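What follows is each chain in one-letter form.
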Amino acid sequence: MAKIKHVGPGLKTSGTIDGITYVTTRNGKTYARVTPVMPASAFKTPKALKRQSIFKMVQQHIRFHLGTIKQTISRKGNGSVSNRYFSLNYGAFQKALDALADRMVEGENITLSEIEAAIATYAADHPQDITIAAKNGYDIVHLTGAWPEMITLRTHSGSNTIVVIGSENVAPTTNPEVTE
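Residues numbered from 1 in each chain as written. Predicted model: local features only at pLDDT ≥ 70, side-chain atom pairs only at ≥ 80, totals over all residues. Heavy atoms only, no water.

Caption draft 1: Structural view of the overall build of the chain. Scanning the chain from terminus to terminus reveals 4 helices and 9 strands. The linear arrangement of helices and strands in the chain, starting from the amino end, is β-β-β-β-α-α-α-α-β-β-β-β-β. Counting every position in the chain, which comprises 180 residues, the buried fraction comes to 33%. Within the chain, contacts between residues at least 6 apart in sequence are counted, and of these 42% link residues at least 24 apart. (Helix = DSSP H or I, 4+ residues; strand = E, 2+ residues; numbered from the N terminus. Buried < 20%, exposed > 50% of the residue type's maximum accessible area, 1.4 Å probe, protein only. Contact = heavy atoms within 4.5 Å.)

Caption draft 2: Looking closely at the packing of helix α1 (residues 46-72) against helix α4 (residues 112-125). For the pair α1 and α4, interaxial distance at closest approach is 10 Å and the crossing angle is 90°. Compared by their axis directions, α1 and α4 come out roughly perpendicular. Residues Met57, Gln60, His61, Phe64 and His65 of α1 form the contact with α4, whose own contacting residues are Leu112, Ile115, Glu116 and Ile119. Considering only residue class, the contact of α1 with α4 consists of 5 nonpolar, 3 polar and 1 charged. (Axes fitted to C-alpha atoms, helices over the stretch in contact; angles between N-to-C directions. Parallel < 35°, antiparallel > 145°, perpendicular 65-115°, else oblique. Nonpolar A, V, L, I, M, F, W, Y, C, P; charged D, E, K, R; others polar.)

Caption draft 3: How the structure looks around α1. By the largest-angle criterion, leucine 66 marks the main kink of α1, which is about 75°. Buried within α1 we find Ala48, Ser53, Ile54, Met57, Val58, His61, Ile62, His65, Thr68, Ile69, Gln71 and Thr72. (Bend = angle between axes of the 7 residues up to and from the residue.)

Caption draft 4: Main features of the nonpolar core. Core analysis: the biggest nonpolar cluster contains 34 residues, and Met57, Tyr85, Leu97, Ile130, Ile132 and Leu153 have the highest contact counts within it. If we skip the residues at most four places from it in the chain, isoleucine 130 touches Tyr85, Asn89, Ala92, Phe93, Ile119, Tyr122, Ala123, Val141, His142 and Leu143. (Core = buried A, V, L, I, M, F, W, Y, C linked by side-chain atoms within 4.5 Å.)

Caption draft 5: Seen up close, the pattern of salt bridges. Applying the stated criterion to the full structure yields 4 salt bridges. Residues arginine 103 and glutamate 108 are paired through a salt bridge, measuring 2.7 Å at the closest nitrogen-oxygen approach. Judged by its relative accessible area of 37%, glutamate 108 falls in the partly exposed class. When salt bridges with common partners are traced through the structure, they connect Lys50, Asp98 and Asp102 into a single cluster. (Salt bridge = Lys/Arg side-chain N within 4 Å of Asp/Glu carboxyl O.)

Caption draft 6: Up close: the packing of helix α2 (residues 81-96) against α4. α4 packs onto α2 with a crossing angle of 110° between their chain directions and a minimal axis gap of 9 Å. Taken together, the axes of α2 and α4 are roughly perpendicular relative to one another. Along its contact with α2, which presents Ala92, Phe93, Lys95 and Ala96, the element α4 presents Ala118, Ile119 and Tyr122. Split by residue class, the contact of α2 with α4 holds 6 nonpolar, no polar and 1 charged.

Caption draft 7: Region of the structure containing the side chain of serine 74. Counting through the fold element by element, serine 74 comes out in the loop between α1 and α2. A polar atom in the side chain of serine 74 sits 2.8 Å from the backbone nitrogen of asparagine 136. (Polar contact = N/O pair within 3.5 Å; in protein donor to acceptor, adjacent residues only side chain to side chain.)

Caption draft 8: Representation of the pairing of strand β7 (residues 150-154) in the model. Side-chain alternation along β7 places Ile151 and Leu153 on a buried face and Met150, Thr152 and Arg154 on a face that remains uncovered. Pairing between β7 and strand β8 (residues 160-165): 5 bridges, direction antiparallel. Each bridged residue has a counterpart across the sheet, and for threonine 152 the counterpart in β8 is valine 163. The loop that links β7 with its antiparallel partner β8 comprises 5 residues; one of these, glycine 158, has a positive phi angle of about 90°. (Pairing = 2+ DSSP bridges.)

Caption draft 9: Layout of the packing of aromatic side chains. Applying the stated criterion across every chain yields a total of 4 aromatic pairs. Judged by centre distance (5.9 Å) and plane angle (55°), the ring pair of tyrosine 85 and phenylalanine 93 falls under tilted. Grouping residues by exposure puts tyrosine 85 and phenylalanine 93 together as buried. A centroid spacing of 6.4 Å and a plane angle of 70° characterise the contact between tyrosine 85 and tryptophan 147, whose relative ring orientation is edge-to-face. Within this pair, whereas tyrosine 85 is found in helix α2, its partner tryptophan 147 is found in the loop between β6 (141-142) and β7, the two being separated by 62 residues in sequence. Each member of the pair, tyrosine 85 as well as tryptophan 147, carries the same accessibility label: buried. Among the aromatic residues, those joined into a ring-pair cluster are Phe55, Phe86 and Tyr90. (Phe/Tyr/Trp six-rings, centres within 6.5 Å; stacked < 30°, edge-to-face > 60°.)

The structure is reproduced here in structure tokens:
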């Protein structure tokens, strides 16, 4: 990857030209990347299909909890909050969703409730593996079973907390600076 330091392609350039993809980050920097060329057969192997199935299930899980995740996870670098949540937990999600991924590869439809149940079961057995809160200045919170209706973020120092309330029936809300 090369960082563009001149005006050649223009400011805020994006898109692909002759196998070079231009990307502009949030802070206005433009990068040029060579567009990778992979054969279609690389996406049809059993390992690739299983990886794609796990990715789809994790994306469903993230979309379902995105309102809460946006309030409990801090972004890192140029990535989004959902990308950070994904990277923090992907190893655990692979293990939690392994059996469901096999069923999905075989053509079975997997529901969101099955995905949530598999993640909750894994979290109950491995309470330190899935991070649901990693906000700058606050302690990390792990999932220890089913997704909680309320997440309390405690500051590293002091007694201020933020309580994030979210469930599938109610939009997440924040009650800032509640003291204990």
